[in-house]
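As a plain string of letters, each chain reads:
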Amino acid sequence: LALSVLVIFLSSYDTLSNVMTNIAMNLQFFQTNGAVLPLMKKFLSIVPEDDRGKKVPREPLTVVFENVFFRYPGSTQDVLCGLSFSFGQGDHIALVGLNGAGKTTAIKLLMKMYEPTFGRILVNGLDLKDIKPSDWRQTLSVLTQNDPLFDDTVREQIRYGDYREKMNDRRLEAALDTSGFKSIMKDLPRGIETHVGKAWAMPEDEAILLSGGQAQLLAITRTLYRQARIYLLDEP
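Note that this is a predicted model, so its numbers are computed, not measured.

Criteria and thresholds
- Residues numbered from 1 in each chain as written.
- Predicted model: local features only at pLDDT ≥ 70, side-chain atom pairs only at ≥ 80, totals over all residues.
- Heavy atoms only, no water.
- Helix = DSSP H or I, 4+ residues; strand = E, 2+ residues; numbered from the N terminus.
- Rg over C-alpha atoms; globule rule 2.2 N^0.38 Å.
- Contact = heavy atoms within 4.5 Å.
- Lys, Arg positive; Asp, Glu negative; His and termini not counted.
- Charge placed at Lys NZ, Arg CZ, Asp CG, Glu CD.
- Pairing = 2+ DSSP bridges.
- Axes fitted to C-alpha atoms, helices over the stretch in contact; angles between N-to-C directions.
- Core = buried A, V, L, I, M, F, W, Y, C linked by side-chain atoms within 4.5 Å.
- Buried < 20%, exposed > 50% of the residue type's maximum accessible area, 1.4 Å probe, protein only.
- Parallel < 35°, antiparallel > 145°, perpendicular 65-115°, else oblique.
- Left-handed = near helix turned anticlockwise from the far one by under 90°.
- Nonpolar A, V, L, I, M, F, W, Y, C, P; charged D, E, K, R; others polar.
- Salt bridge = Lys/Arg side-chain N within 4 Å of Asp/Glu carboxyl O.
- Phe/Tyr/Trp six-rings, centres within 6.5 Å; stacked < 30°, edge-to-face > 60°.
- Lys NZ or Arg CZ within 6 Å of the ring centre and 35° of its normal.

### So, the overall build of the protein
Along the protein, the regular secondary structure elements total eight helices and eight strands. Here the C-alpha radius of gyration of the protein, 26 Å, is well above what a compact globule of 236 residues would show, namely 18 Å. With respect to the three principal axes, the spread of C-alpha positions in the protein is 90 × 50 × 35 Å. The contacts in the protein between residues at least 6 apart in sequence include a share of 67% that link residues at least 24 apart. Across the protein, the centroid of the 27 positively charged side chains sits 5 Å from that of the 28 negatively charged ones.

### Points about the pairing of strand β3 (residues 118-123)
Bridge count for strand β1 (residues 62-70) against β3 is five bridges, and the pairing is antiparallel. In the strand pairing of β3, E66 is matched with R120. Of the strand pairs in this sheet, β3 and strand β4 (residues 126-127) are connected by two bridges, and their pairing is antiparallel. The residue of β4 that forms the bridge with L122 is D127. Between β3 and β4, which pair antiparallel and follow one another directly, the connecting turn spans two residues, one of which, N124, has a positive phi of 50°.

### Some words on the sheet that holds strand β2 (residues 80-88)
Overall, antiparallel pairing links the four strands, which are arranged β2-β1-β3-β4 in an open sheet. The open sheet terminates on both sides in strands that have one partner only, identified here as β2 and β4. Relative to β1, helix α3 (residues 103-110) is tilted by about 120°, and along the sheet it contacts β1, β2 and β3.

### Description of the nonpolar core
If you look at the biggest cluster of nonpolar residues, it comprises 22 residues, and the most contacted ones within it are V63, F65, L110, I121, W136 and I230. Elements with a minimum of two residues in this core: β1, β2, α3, β3 and β8 (230-233). Apart from the residues within four sequence positions on either side, F65 is in contact with L83, S84, F85, A106, L109, L110, R120 and I121. M167, F181, I208 and Y225 belong to the second-largest nonpolar core, a separate cluster that totals 17 residues.

### Description of the packing of helix α6 (residues 169-179) against helix α8 (residues 212-225)
The interhelical angle for the contact between α6 and α8, taken along N-to-C directions, is 140°, at an axis separation of 8 Å. In terms of orientation, α6 and α8 fall into the oblique class. Remark: the crossing between α6 and α8 carries right-handed chirality. Here α6 contributes R171, L172, A175, L176, T178 and S179 to the contact with α8, which in turn contributes L217, I220, T221, L224 and Y225. Of the residues assigned to the contact of α6 with α8, the class counts are seven nonpolar, three polar and one charged.

### Points about the pattern of salt bridges
Scanning the entire structure with this criterion turns up twelve salt bridges. Taking the shortest distance from any N to any O, the salt bridge between D50 and R52 comes out at 2.9 Å. With a shortest N-O distance of 2.7 Å, D162 and R171 are connected by a salt bridge. Neither D162 nor R171 differs from the other in exposure class; each is buried. Connected via shared salt-bridge partners are E173, D177 and K182.

### Some remarks on the packing of aromatic side chains
All told, the structure shown has eight aromatic pairs when counted by the stated rule. Ring plane angle 85° and centroid distance 4.8 Å describe the contact between F70 and Y72, whose orientation is recorded as edge-to-face. Taken together, a centroid distance of 5.3 Å and an interplanar angle of 90° make the contact between Y72 and Y114 edge-to-face. Of this pair, Y72 sits in the loop between β1 and β2 while Y114 is found in the loop between α3 and β3, placing the two residues 42 residues apart along the sequence. By the ring-pair criterion, three or more aromatic residues cluster together here, those being F65, F85 and F87. Sitting above the plane of the Y225 ring, R171 keeps its charged end 4.6 Å from the centroid.

### Remarks on the environment of L126
Mapped onto the secondary structure, L126 falls in strand β4. Separated by 72 residues in sequence, L126 and K54 place their C-alpha atoms 8.8 Å apart. For L126, the contacting residues outside a window of four places in its chain are K54, K55, P57, I121 and I131.

In structure tokens, the structure reads:
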């Protein structure tokens, strides 16, 4: 073979080898992560929420559930059947019932995650469905049953509750005192600067893991730190 042909062959072989290796790696990736692809497709097909509507009234809020029925999409059974109650801003109320009674569903309706199948939720006489979703959610601070913690310091975990604003020391102290996490924080190696979670921590962070109860108290602190008009706590 001529030297030039040999050089071209060897360089082409090297390129082809890299291409084949990449194809094999991609096939392995899709085999390993194939279960994720349908979820990604479903996620990418989500239609953005229509964020139009009326502003939340500035005066103290009164929320009224008026004969509310609700069933989840695709279901034939009502979760809520004629639910009626009311509360005002500053009131303290508890929804009590057996598992599956619809307590969490009522909170989801208050968060505008769903609309009632029948009946209305009124805010100072305005139908909640007519209020701008983003504006309404700014008035809420919500603690769900599975509120996640992140790999970061205790301070940043709490600040996430109201991350748009600069850290407010007065609200921070009030939230720590009210939740009871302040007594736990005293025993942490770096206090409020202690890194919680070890997945992304560096060795010098001296990261720790919290117990389930401690993590829940930290999540409550985050919820209370947020400056809201209505607080929704789902089995805290």
